[in-house]
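So you can see what is in the structure, the chains are spelled out below.
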Amino acid sequence: MDPLRRTLLWASTNPWLASSLPRRRFVRRAVRRFMPGETRDDALREAAALDARGVPSILTMLGENVETEDETRAVVDEYRRVLAAAAERRLDVEVSVKPTHLGLDLGPALAARNVADLARAAAGRGTLWIDMEGSAYTDATLDLYRGLKAEHGNVGVCLQSYLRRTPADLESLLPLSPRIRLVKGAYAEPPERAFPAKRDVDAAYLSLGRRLVDHLAGGGDGFVGFGTHDPVLIRALADEARGRAGAAERFEIEMLYGIGRREQDRLVEEGVPLRILVSYGEAWFPWYMRRLAERPANVWFVVRSLIR
Ligand code: FDA
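As a starting point, this report considers the structure included with it. (Residues numbered from 1 in each chain as written. Predicted model: local features only at pLDDT ≥ 70, side-chain atom pairs only at ≥ 80, totals over all residues. Heavy atoms only, no water.)

### A word on the packing of helix α7 (residues 138–149) against helix α8 (residues 166–173)
Working step 1: Interaxial distance between α7 and α8 falls to 12 Å at its minimum, and their mutual angle equals 10 degrees. Classified by the angle between their axes, α7 and α8 sit roughly parallel to one another. Contact with α7, carried on its side by T138, L142, Y145 and R146, involves D169, S172 and L173 of α8 and no other residues of that element.
Working step 2: Each residue belonging to the contact of α7 with α8 can be placed in one class, and the counts come to three nonpolar, two polar and two charged. (Axes fitted to C-alpha atoms, helices over the stretch in contact; angles between N-to-C directions. Helix = DSSP H or I, 4+ residues; strand = E, 2+ residues; numbered from the N terminus. Parallel < 35°, antiparallel > 145°, perpendicular 65-115°, else oblique. Contact = heavy atoms within 4.5 Å. Nonpolar A, V, L, I, M, F, W, Y, C, P; charged D, E, K, R; others polar.)

Dropping the structure here:
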């Protein structure tokens with residue numbers, strides 16, 4: 001792994017950096033490239049701006065590994081308010097949640113209760129997405145998903161192409177008519193669990209993406225969100241999905257706010273279904289370090305912000 005990428009991923013888990021760096025003005029300025037602001041209103045304003053361009057969104061409040069049940073209730077309440085505010089403004093907004101933000105470290109039953117509450121609140125408003133965190137949580141997150149799927153058909157889960165186990169996980173989920181968001185993966189993982197070489201991660205993404213398109217085109221039920229900014233993969237998988245009945249109406253490209261804007265415009269112009277994930281909240285430090293690690297050249301934006 002690139003040493004700068006490794007350092008940034010290490011920084012993402014360092015409590016001292018998480019408490020001190022976000023107070024620096026130049027870091028706060030730099031993070032704005034990836035999030036419109038820290039408040040719910042900032043995120044909803046961006047969702048409205050996207051909606052005006054005909055682009056739906058996914059909102060996520062940043063935060064992970066909470067330590068008390070009360071904190072998880074506050075997170076559930078926050079997402080309820082987001083869903084209610086979006087409905088009031090008639091915005092096509094879905095939400096995406098992290099299992100450890102909803103209490104997975106405190107026990108799977110608590111996380112399941114919280115996600116089920118939100119699945120009920122989101123019923124009739126699209127998908128309630130479950131993010132995938134580091135590989136220590138993969139089994140628990142998939143168990144959570146399997147447990148909820150029978151009763152809450154609107155729940156979707158993220159799978160990461162960098163994990164060697166993902167093809168088997170995908171096969172085990174397909175009979176459930178799953179809603180899957182396919183991403184490459186953003187955490188520091190050992191080589192025995194995740195492909196160290198980017199070309200292998202990209203090849204796995206293409207192969208998993210094709211498997212999902214085949215499933216939908218072959219009469220299987222479900223939905224796929226291709227969560228990537230990679231123009232080669234987007235073109236290959238969008239072309240394939242659009243060309244096949246069954247898949248054409250059950251996929252979308254999902255991208256992050258602030259990344260790949262030119263590609264986003266191209267997709268809108270070509271009528272490819274696109275949804276943008278907008279993050280907000282005060283606990284942005286670990287998430288921001290992962291965004292820098294994805295493209296270490298981003299560190300220059302931070303340096304430029306410091307110089308300014
Ligand atoms: P890749 O890294 O190959 O980048 C392709 C191109 O996109 C780059 O050349 C660059 O131009 C641009 N780009 C990518 N990242 C950039 C960045 N940070 N800054 C600037 N440009 C950038 N991961 C995870 O582990 N669990 C999850 O739940 C999710 N959820 C999720 C939702 C959505 C909607 C998206 C788009 C992504 C995620 N991810 C995620 C993150 C994902 O795993 C991955 O780390 C990033 O999407 C970066 O990989 P790409 O697929 O974009 O390809």
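### Concerning the sheet that holds strand β4 (residues 155–160)
Working step 1: Pairing is parallel in the closed barrel, where eight strands are placed in the order β1-β2-β3-β4-β5-β6-β7-β8. Taken pair by pair, the neighbouring strands of this sheet meet at an average axis angle of 30 degrees, ignoring direction.
Working step 2: In the sheet, strand β1 (residues 57–61) pairs with strand β8 (residues 274–280) via five bridges, with the strands oriented parallel. Across the sheet, residue T60 finds its bridge partner in β8, namely S279.
Working step 3: Sheet strands in contact with helix α9 (residues 198–217) are β5 (179–183) and β6 (223–227), and its direction is about 160 degrees off that of β6. (Pairing = 2+ DSSP bridges.)

### A closer look at the site of the ligand
Working step 1: Among the 26 residues in the neighbourhood of the ligand, the closest are listed as K184, G185, K198, T228 and E294.
Working step 2: In the environment of the ligand, a nitrogen atom lies 2.8 Å from a nitrogen or oxygen atom belonging to the backbone of M132.
Working step 3: At 2.6 Å, a side-chain N or O of K198 approaches an oxygen atom of the ligand.
Working step 4: Protein contact buries 86% of the 930 Å² of open area that the ligand shows by itself.
Working step 5: At the level of secondary structure, the elements contributing two or more residues to the shell around the ligand comprise β4, β5, β7 (251–256) and α12 (285–294).
Working step 6: Along the lines of polarity and charge, the residues of the shell around the ligand split into ten nonpolar, six polar and ten charged. (Near = heavy atom within 4 Å. Polar contact = N/O pair within 3.5 Å; in protein donor to acceptor, adjacent residues only side chain to side chain. Areas by Shrake-Rupley, 256 points an atom, 1.4 Å probe, with all protein chains shown as cover.)

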